Amino acid sequence: MTEDPFVAHRSLLFTVAYEMLGSAADAEDVLQESWLRWADVDHAQVRDQRAYLVRIVTRQALNRLRTLSRRREEYVGEWLPEPLLTSPDVAEDVELAESVSIAMLTVLETLGPTERAVFVLHEVFDMPYGEIAEAVGKSAAAVRQIARRAREHVTARRPRGRVSRSEQQAVVERFLLALRTGQLQELMEVLAPDVVMIADGGGLVAAALTPVHGVELVAPLLARAKRVVAAFDTTYVWLNGAPAGRVEIDGEPSAVNLVVENGRVTRIYVVRNPQKLTRLDEPAELAR
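Residues numbered from 1 in each chain as written. Predicted model: local features only at pLDDT ≥ 70, side-chain atom pairs only at ≥ 80, totals over all residues. Heavy atoms only, no water.

Colleague: Quick question: what am I supposed to make of helix α4 (residues 49–73) here?
Modeller: One turn of the α-helix equals 3.6 residues, which is why residues spaced by three or four share an orientation. The end-to-end C-alpha separation of α4 is 36 Å, in line with the 36 Å expected for 25 residues at 1.5 Å each. The axis of α4 is deflected most strongly, by about 30°, at Thr67. Where α4 starts, the residue carrying a side-chain oxygen 3.3 Å from the main-chain nitrogen of Arg50 turns out to be Asp48. (Helix = DSSP H or I, 4+ residues; strand = E, 2+ residues; numbered from the N terminus. Expected span 1.5 Å × (residues − 1). Bend = angle between axes of the 7 residues up to and from the residue. Polar contact = N/O pair within 3.5 Å; in protein donor to acceptor, adjacent residues only side chain to side chain.)

Colleague: Whenever I open this one, helix α8 (residues 129–136) confuses me. Can you help?
Modeller: By the burial criterion, the buried members of α8 are Tyr129, Ile132, Ala133, Ala135 and Val136. Angularly, the buried residues of α8 cover 165° about the axis, an arc narrow enough to put them on a single face. Backbone geometry just downstream of α8 places Gly137 in the positive-phi region, at approximately 75°. (Buried < 20%, exposed > 50% of the residue type's maximum accessible area, 1.4 Å probe, protein only. Arc of directions from axis to C-beta.)

Colleague: Would you mind showing me how to read the packing of aromatic side chains here?
Modeller: Given two aromatic rings, one states the distance between the centres and the angle between the planes to describe the pair. The final tally for this structure, using the stated rule, is two aromatic pairs. Judged by centre distance (6.0 Å) and plane angle (5°), the rings of Phe14 and Tyr18 are stacked. Placement of the pair is Phe14 and Tyr18 together in helix α2 (residues 10–21), with a separation of four residues, close to one helical turn. Tyr18 shares its class with Phe14; the two are buried. Geometrically, the ring pair formed by Trp38 and Tyr52 is tilted, given 6.0 Å between the ring centres and 55° between the ring planes. (Phe/Tyr/Trp six-rings, centres within 6.5 Å; stacked < 30°, edge-to-face > 60°.)

Colleague: It is not clear to me how the packing of helix α7 (residues 113–124) against α8 should be interpreted in this structure. Could you clarify?
Modeller: A pair of packed helices can be characterised by two numbers: the angle between their axes and the separation between those axes. The contact between α7 and α8 brings their axes to 10 Å, and the two run at 145°. Pair α7 / α8 crosses with right-handed handedness. Of the residues in α8, those touching α7 at Thr114, Ala117, Val118, Leu121 and His122 are Tyr129, Ile132, Ala135 and Val136. Considered class by class, the residues forming the contact of α7 with α8 number seven nonpolar, two polar and no charged. (Axes fitted to C-alpha atoms, helices over the stretch in contact; angles between N-to-C directions. Left-handed = near helix turned anticlockwise from the far one by under 90°. Contact = heavy atoms within 4.5 Å. Nonpolar A, V, L, I, M, F, W, Y, C, P; charged D, E, K, R; others polar.)

Here's what the structure looks like:
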């Protein structure tokens, strides 16, 4: 019996939805809605099943994005994407790893829903403009213009340069050791002078409500964490296609993703909202 195309392409479809929404939970809901629509389709009449499924998922994700905008406006503190545990293999596909990084997903949050869909489908999944036009309900010419604007917007805001996996690993390990031991001087040395820390507690756990700027503020804040809790530990993990950290604070997990440039940490993303930490035990299956 031939495998259902939806099942065969599920990893791809999840990745499309996740990159458009920044939330694994919402991506799963979109896949469920898309499967119901796919079940009503005469599959024999579909010429390109992969493209057809991506169109269904894109439309459902766009609908979900528009309803989520109000929820995120009311969110307590900073909103960060939901981190995913990934295998080191994801990093082998450099384009995929960059596209699902917390840094990139945070940048994508600054795009409008249609701009985000066009950028993701064209830049990440290399879909032709004609297919994207069908998915988003625009003309191919309009999609070209949207893609250009979105690309310029993202380019101006994404991390300035890529670092090798070995450099990223070395800096992350050094950061986690300094964090685990509470060594202020070590933290000062591994953090860039203009480092920014963004935390997401969702109003459910303690977290800075606004970004913290500069090593003079960030380093003491991180060093203090070791001293004010009963139990504190760090573990090196792979999150969103990159080396990262899982931090246990009095038994409660947090996910820490880092942006590294020139051997130092320039940006720290800390997700503490427990509703966003349900994907830290089983690696997500991502594909493009």
